[in-house]
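Residues per chain are reported as follows:
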Amino acid sequence: MNNASDKDSKRALKIAIISLVLIALLGLAVAMFIPLASTFIDQHFSPGLGLKDAAVAAFFVTVVTLVIFAVAAGDGLLGELQFILSGFFGFFLVLWLLIAWIF
């Protein structure tokens, strides 16, 4: 019984170390991405967005949001596909027009 407990604690320690390393790498990636993102935002969002650029931004925001919703729902990406597709097109249309209108 003690041997299994030692294996579990070693496995938990490995998982914790790997998780900390991945979180540190993610933090480093975000820190390196911030100047690039600010340059991109300064160049592309200052003069204003047209419908084409707003469609691209709305597409990526919609895809990321709906993938997060699908994974959080527990059914995965295929469980509620008909609802995800109808939600995608509705959400995309609204975001597209709002982004083009605001920017």
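For the structure given in this document, a descriptive report is provided here. The structure displayed is predicted, hence computed values, not measured ones. (Residues numbered from 1 in each chain as written. Predicted model: local features only at pLDDT ≥ 70, side-chain atom pairs only at ≥ 80, totals over all residues. Heavy atoms only, no water.)

### Focus: the overall build of the chain
From N to C terminus, the chain includes 3 helices and 0 strands. From first element to last, N terminus to C terminus, the chain shows the α and β order α-α-α. Expressed as a percentage of the 103 residues in the chain, the buried residues total 14%. A separation of at least 24 residues holds for 77% of the contacts in the chain among residues at least 6 apart in sequence. Accessible area for the chain stands at about 8,300 Å²; split by element, carbon and sulfur atoms hold 77% of it. (Helix = DSSP H or I, 4+ residues; strand = E, 2+ residues; numbered from the N terminus. Buried < 20%, exposed > 50% of the residue type's maximum accessible area, 1.4 Å probe, protein only. Contact = heavy atoms within 4.5 Å. Areas by Shrake-Rupley, 256 points an atom, 1.4 Å probe, with all protein chains shown as cover.)

### Examining a nonpolar patch on the surface
On the surface, a nonpolar cluster with roughly 810 Å² of combined accessible area is contributed by L13, I17, I18, V21, L22, L25, L28 and M32. Considering the arrangement of structural elements, one finds L13 in helix α1 (residues 2–44). Given a relative accessible area of 53%, L13 falls into the exposed group. (Patch = residues over 30% accessible without salt bridge, like charges linked within 9 Å, V, L, I, M, F, W, Y side chains within 5 Å. Salt bridge = Lys/Arg side-chain N within 4 Å of Asp/Glu carboxyl O.)

### A few points about the environment of F59
With respect to the helices and strands, F59 occurs in helix α2 (residues 51–73). Taking relative accessible area as the criterion, F59 reaches 37% and is therefore assigned partly exposed. Sequence separation between F59 and F91 is 32 residues; the distance between their C-alpha atoms is 9.1 Å. Leaving out residues up to four positions away in the same chain, F59 has contacts with F88 and F92.

### Quick look at the packing of aromatic side chains
One pair of aromatic rings is described through two measures. These are the centre distance and the angle between the planes. In total, this model carries 5 aromatic pairs according to the counting rule given. The interplanar angle of 90° and the centroid separation of 5.9 Å between the aromatic rings of F59 and F88 together place this pair among those described as edge-to-face. On the criterion of sequence distance, the pair formed by F59 in helix α2 and F88 in helix α3 (residues 81–102) is long-range, its members being 29 residues apart. By relative accessible area, which is 15% here, F88 ends up buried. Here the aromatic rings of F92 and W96 are separated by 5.8 Å at their centres, their planes lie at 25°, and the arrangement is stacked. With F92 and W96 both in helix α3 and 4 residues apart, the pair spans about one turn of that helix. Its relative accessible area of 25% is what places W96 among the partly exposed residues. An aromatic cluster is present here, built from F59, F60, F88, F89, F92 and W96 joined pairwise through their rings. (Phe/Tyr/Trp six-rings, centres within 6.5 Å; stacked < 30°, edge-to-face > 60°.)

### Examining a positive patch on the surface
The grouping of K7, K10, R11 and K14 at the surface amounts to a positive patch. Along the chain, K7 turns up in helix α1. (Lys, Arg positive; Asp, Glu negative; His and termini not counted. Charge placed at Lys NZ, Arg CZ, Asp CG, Glu CD.)

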